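# Notes for the structure review
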Amino acid sequence: LELKPDWISIQYVLFSFHNKGFPIAIHRILTTNFKCQKVHIMFHELWIGSLGNVNMINKILGTVQKLMIRRFLKKIKPDLISTTTEAYQKKLLPFSVKNLPLFGNIPVSFTTTNNNRNQIDFHIVVFGNITTLHSDLIQQVLWLKNLSAKLKKNILIHFVGNIYNLNNLILDQLKVIVGENNIIYAGYLHQDELSKYLSHMSFALSRADAFLFNKSGTTVSLLEHGLPVLLRGNRPSDFHPCFFEDYTRQIYFPTDQLPDTLPVFQAHSNIKKISRQYLEYLSEKMM
């Protein structure tokens, strides 16, 4: 506050403020100290169960979290609220909320599509956490396995980053589908190494779905690296990528027909475009 900023931007991630998702202390600090500045809040996530069915205990916890968030907004009275998905935007009604997309969390370290994707093997990358919801993971892998057969390529699945939720039962099923020797564990890579690694992949498997993929910095990174990305679940009849119409051709679902050829897209970065949009939002409130 000694800097006397024009704006305070709060990046709201519920469980980063409190390990149980009850950020009473941070709410008190924010509502007490940020009264003389314009305040922007970006909601990266909401309360438990905001977009799905949960058990009774989590439903109760989610209800309490929802009430806390709404009370916090009424007290701090932000000048601008934004989020990354239309689904979250609707959940925050009647507050006025702007949609603001994410840029990828892995900078693109090259500028052109890598021709190494036209190679003998069919390289699939799975990057980031594997959620405990595995029911449709096999559906995704089977779709990719069928695509590799159609393209007459040998399938290789690369796990990059954290896969602690990938239990042995699921791993055994994957080994049956693609072969034990066709699963590669790359582990953690520096962002420059990871960017180059992604440039050699043929396809990406994301555990995000149609409604939340654009809140996933990991999934957006895969798209920015020019990879065709297979989301989980069925393709909604009214699916559109909201901020990124260019991604319409780049996103696939396990219910889609298999493409006849391997899709190849240009790598790019959205950070400048999104930064301009963010500054335009702030400028509107300054007028």
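Details of the structure are given in the entry above.
This is a predicted model, so every value here is computed, not measured.

## Observations concerning helix α5 (residues 137–151)
Its 15 residues place the ends of α5 21 Å apart at the C-alpha level, agreeing with the 21 Å of an ideal helix rising 1.5 Å per residue. Every buried residue belonging to α5 is among Leu137, Ile138, Gln140, Val141, Trp143, Leu144, Leu147, Ser148 and Leu151, and all of these are buried. Elements in contact with the buried residues of α5: β5 (121–127), β6 (154–160), α6 (168–178), β8 (203–205), β9 (229–230) and β10 (251–252). Two residues or fewer after α5 comes Lys152, characterised by a positive phi angle close to 60 degrees.

## Considerations on the sheet that holds β9
If you walk across this open sheet you meet the six strands as β7-β6-β5-β8-β9-β10, and the pairing is parallel. Looking at strand neighbours, the two that pair on one side only are β7 (183–187) and β10, the edges of this open sheet. Relative to β8, β5 is paired through three bridges, and the arrangement is parallel. Along β8, the bridge assignment pairs Ile124 with Phe203. Sheet strands touched by helix α7 (residues 191–198): β5, β6 and β7. Its angle to β6, the strand with the most contacts, is close to 165 degrees.

## Section: empty space enclosed by the protein
In this approach, a probe sized like a water molecule rolls over the atoms, and the result shows the empty space that is left. This structure, assessed with the given rule, holds one cavity of 30 Å³ or more. The calculated volume of the largest cavity comes to roughly 30 Å³. Every residue lining the largest cavity is listed: Val126, Leu137, Val141, Ile157, Phe159, Leu174 and Leu205. Counting only elements with at least two residues in the lining of the largest cavity, the list comes to α5 and β6.

About the thresholds
Residues numbered from 1 in each chain as written. Predicted model: local features only at pLDDT ≥ 70, side-chain atom pairs only at ≥ 80, totals over all residues. Heavy atoms only, no water. Helix = DSSP H or I, 4+ residues; strand = E, 2+ residues; numbered from the N terminus. Expected span 1.5 Å × (residues − 1). Buried < 20%, exposed > 50% of the residue type's maximum accessible area, 1.4 Å probe, protein only. Contact = heavy atoms within 4.5 Å. Pairing = 2+ DSSP bridges. Axes fitted to C-alpha atoms, helices over the stretch in contact; angles between N-to-C directions. 1 Å grid on protein atoms, 1.4 Å probe; cavity = no way out; pocket = protein on both sides within 12 Å on 5 of 7 lines; lining within 4 Å. Points joined across faces, edges and corners; volume = space filled by probe spheres on them.

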